[in-house]
Amino acid sequence: MSYHLIVQAPQLNDQALQQLAGLAGASHIQRLSASRARLSPASPTARAVLMATAQTLAVDVALMQDGLHFSDFGLLVSDMDSTLITIECIDEIADMLGIKPQVAAITERSMQGELDFAQSLTQRVALLEGLEEAALERVYRERLQLTRGAETLLAACKAHGVRFMLVSGGFTFFTERLKAELGLDYAYANELEIVDGRLTGRIKGGIVDAAAKRQLLIAKREELGLRPEQVIAMGDGANDLLMLAEAGLGIAFDAKPVVRAQADVAINHVGLEGVVGLFEAL
């Protein structure tokens, strides 16, 4: 099996490419665009040093199998908060109550893997008790933005028959709206309990935690008759690690260090278009 190195950054310079080519043992540098290059061949044994060097050069690198195309996959499973969208919804909801710093601190500890996700979510949601449901709509309309390159990635999924599944530790209020607006194939998240137009501070039903994300990926993969290597998963927090490990290609997107260390590929410097950029010409 032969490999090449994909290098991506907002703007690539020749010096960085030459340095990476030397480390990868690559004899050929092919510039694919101003922000993307292919170095070949590349040695998988050089992965650790390539990843470390990429950090110092502020570029994204990925060792990819020769001949692998985006259309070889049948399912892409994505986290929502800070992955498909730029915000953490629960932090912005908390801002409506003037308690964003307290909730954001719990969110960060959970994302870093310092707190059990289910416990941290229960604590954070409890702090939202009494908030009007209208505040959720304000967050969706006024603060939620797609991550740069999301449209490119979604268009590629539609063009090449790759199903897109949103699996979030966030809330159905947001995932269902995104599913409808963006034409996503599937969406799963936690449901906030709302009574008389106000949040009760509780979650309805089971919590979508790390184990649930993994199981949802497996169930959809089997439903679609796909092999593990035909699935891409991407996320940014510790809650995504089990899901990423279950996929043929696990992508850490603008992720916490614990996630970057365990994922197959880390994307830190380009947008979600960088997911499509990993693969051979479409």
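Numbering of residues begins from 1 in every chain and follows the order in which that chain's sequence is written. A pLDDT threshold of at least 70 governs which residues receive local features in this predicted model, and a stricter bar of 80 or more applies before side-chain atom pairs are shown or counted, although totals over entire chains, interfaces and linings include all residues. Excluded from the side-chain calculation are hydrogens and water; included are all heavy atoms of the structure.

**Q** It is not clear to me how empty space enclosed by the protein should be interpreted in this structure. Could you clarify?
**A** Taking a probe equal in size to a water molecule and rolling it over the atoms shows the remaining empty space. Put simply, the grid is 1 Å and covers the protein atoms alone, a cavity is a trapped set of points that fit a 1.4 Å probe, a pocket is an open set with protein on both sides within 12 Å along at least five of seven lines, and lining residues have an atom within 4 Å of a point. Grid points are joined across faces, edges and corners, and a volume is the space filled by probe spheres set on the points. Following the criterion strictly, the structure yields two cavities of 30 Å³ or more and no others. The computed volume of the largest cavity comes to approximately 190 Å³. If you list the elements that add at least two residues to the lining of the largest cavity, you get α4 (89-95), α5 (100-111), α6 (117-126) and β6 (163-171). Elements are defined by DSSP. Helices are runs of H or I of four residues or more, strands are runs of E of two residues or more, and each kind is numbered from the N terminus. Residue contributions to the lining of the largest cavity peak at four residues, all from β6.

**Q** Looking at this model, I keep getting lost on the sheet that holds strand β11 (residues 265-267). Mind explaining?
**A** Through backbone hydrogen bonds, the strands of a sheet pair up, either in parallel or in antiparallel fashion. Two strands are said to pair when DSSP picks up at least two bridges between them. In space, the seven strands of this open sheet follow the order β8-β7-β6-β5-β9-β10-β11, with mixed pairing throughout. Because the sheet does not close on itself, it has two edges, and the strands there are β8 (198-204) and β11. Ignoring which end each strand starts from, the neighbouring axes of this sheet average 25 degrees apart. The pairing of strand β7 (residues 186-195) with β8 spans four bridges and is classified as antiparallel. Note on β8: the bridge partner recorded for Ile194 is Leu199. By the convention used here, residues are in contact when the closest approach between their heavy atoms is within 4.5 Å. A fitted line through C-alpha atoms serves as each axis, taken over the contacting stretch for helices, and the angle formed by two N-to-C directions is quoted from 0 to 180°. Across the face of the sheet, helix α10 (residues 210-223) comes into contact with β5 (75-78), β6, β7 and β9 (231-235) while running at roughly 160 degrees to β6.

**Q** In this structure, what is going on with the pairing of strand β10 (residues 249-253)? I would like to understand it.
**A** Sheet faces and side chains relate simply in a regular strand, where the side chains alternate between the two faces. In terms of burial, β10 is largely enclosed, as five of its five residues are buried. Here the term buried applies to any residue with accessible area under 20% of the maximum for its type, exposed to any over 50%, and partly exposed to those in between, with areas from a 1.4 Å probe on protein chains only. Of the two faces of β10, both are covered, the one formed by Leu249, Ile251 and Phe253 as well as the one formed by Gly250 and Ala252. Judged from the four bridges that link them, β9 and β10 form a sheet pairing that is parallel. What sits directly across from Ile232, in β10, is Leu249. Convention used here: a crossover is right-handed provided that the path from the first strand, over the helix, to the second strand proceeds clockwise when the strands point away from the viewer. What joins β9 to β10 is helix α11 (residues 241-246), and the crossover it makes is right-handed.

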